[in-house]
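Observations on chain architecture
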Amino acid sequence: MPVAARIEEVRTQVAELAQVSPSAHVFMHKMVKLLHERMLKYNWVGFYMLELGAQPPMLVLGAFEGAMTPHTRIPLNQGICGAAASSGRTVIVDDVSKDPRYLACSLETKSEIVVPVFVHGKVVGELDIDSHFPAAFTPEDQDIIQYCAMLVGKKLEKSGE
Ligand code: SME
């Protein structure tokens, strides 16, 4: 299946998951599984969520698919993850070996994308995806991953979780 068709299929499937999932928590678990299974270059897919009331603010590993990571808690001033959450912007790194911010999760990882999740305009967490392929995240990937993160934000807003 061509990548564009696969992305469209996944877009429809995640929208359906958002509808049928009883909670944002369930939705996030099902979403990471779907993205990991269907998007062949997405070798690690997971959420980091901001811990409520933590001082200093901390990102905590949530639902994920792929190998266990040593980074279960990431301060906002560390890593690609910290950069995305603190700036509220998508960060794409085509070659992680060249980015001094990068915190290694797996030696095989070559590129990474991190997309913030917003609830009522505030960053509450992020969707992080690692690939074993350099520059794996095209504008089409960025678009579908931002769509996924947006759906999680909307689901969290609805459910008040
Ligand atoms: N690479 C991330 C850390 C998380 S692992 O990729 C799962 C970072 O630099 O923040």
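Check the entry above for the structure.
Here the structure is a predicted model, which is why all the values come from computation and not from measurement.

**Details of the pairing of strand 1 (residues 44-50)**
- Most of strand 1 is tucked away, with six of its seven residues classed as buried.
- With six bridges joining them, strand 1 and strand 6 (residues 122-131) adopt antiparallel strand pairing. Looking at strand 6, one finds that Val45 is bridged to Ile129.
- With five bridges connecting them, strand 1 and strand 2 (residues 58-65) associate as antiparallel partners. By the bridge assignment for strand 2, Tyr48 is matched with Leu61.

**Focus: unusual backbone geometry**
- For the bond from Gln55 to Pro56, the omega torsion is 0°, close enough to zero to count as cis.
- Mapping Pro56 onto the fold places it in the loop between strand 1 and strand 2.
- With a phi angle near 50°, His120 is a residue other than glycine that sits in the positive phi range.
- Its place among the elements puts His120 in the loop between strand 5 (111-119) and strand 6.

**Here we look at the site of the ligand**
- As a matter of local geometry, the ligand sits amid 13 residues, with Ile80, Cys81, Leu103, Glu112 and Asp130 nearest to it.
- In the model, an oxygen atom of the ligand is placed 2.8 Å from a nitrogen or oxygen of the Cys81 main chain.
- With respect to the ligand, the side chain of Asp130 contributes an N or O atom lying 2.9 Å from an oxygen atom.
- In the complex, 100% of the free accessible area of the ligand, which totals 310 Å², lies under the protein chains.
- According to the grid-proximity analysis, the pocket containing the ligand is the largest cavity.

**Concerning the packing of helix 1 (residues 3-20) against helix 4 (residues 139-159)**
- Axis separation between helix 1 and helix 4 bottoms out at 10 Å; the angle between their running directions is 5°. With respect to helix 4, the axis of helix 1 lies roughly parallel. Of the residues in helix 4, those in contact with Ile7, Val10, Arg11, Val14, Ala15, Ala18 and Gln19 of helix 1 are Glu140, Asp141, Asp143, Ile144, Tyr147, Cys148, Leu151 and Lys155.

**Looking at the packing of aromatic side chains**
- Following the criterion strictly, the structure yields three aromatic pairs and no others.
- On the basis of an interplanar angle of 45° and a centroid distance of 5.6 Å, the ring pair of Tyr42 and Phe137 is categorised as tilted. You can see Tyr42 sitting in the loop between helix 2 (24-38) and strand 1 and its partner Phe137 sitting in the loop between strand 6 and helix 4, a full 95 residues away along the chain.
- Ring pairs connect the aromatic residues Trp44, Tyr48 and Phe64, which therefore count as one cluster.
- Sitting above the plane of the Tyr147 ring, Arg11 keeps its charged end 5.2 Å from the centroid.

Calculation notes
Residues numbered from 1 in each chain as written. Predicted model: local features only at pLDDT ≥ 70, side-chain atom pairs only at ≥ 80, totals over all residues. Heavy atoms only, no water. Buried < 20%, exposed > 50% of the residue type's maximum accessible area, 1.4 Å probe, protein only. Helix = DSSP H or I, 4+ residues; strand = E, 2+ residues; numbered from the N terminus. Pairing = 2+ DSSP bridges. Near = heavy atom within 4 Å. Polar contact = N/O pair within 3.5 Å; in protein donor to acceptor, adjacent residues only side chain to side chain. Areas by Shrake-Rupley, 256 points an atom, 1.4 Å probe, with all protein chains shown as cover. 1 Å grid on protein atoms, 1.4 Å probe; cavity = no way out; pocket = protein on both sides within 12 Å on 5 of 7 lines; lining within 4 Å. Sits in = over half its atoms within 2 Å of the grid points. Axes fitted to C-alpha atoms, helices over the stretch in contact; angles between N-to-C directions. Parallel < 35°, antiparallel > 145°, perpendicular 65-115°, else oblique. Contact = heavy atoms within 4.5 Å. Phe/Tyr/Trp six-rings, centres within 6.5 Å; stacked < 30°, edge-to-face > 60°. Lys NZ or Arg CZ within 6 Å of the ring centre and 35° of its normal.

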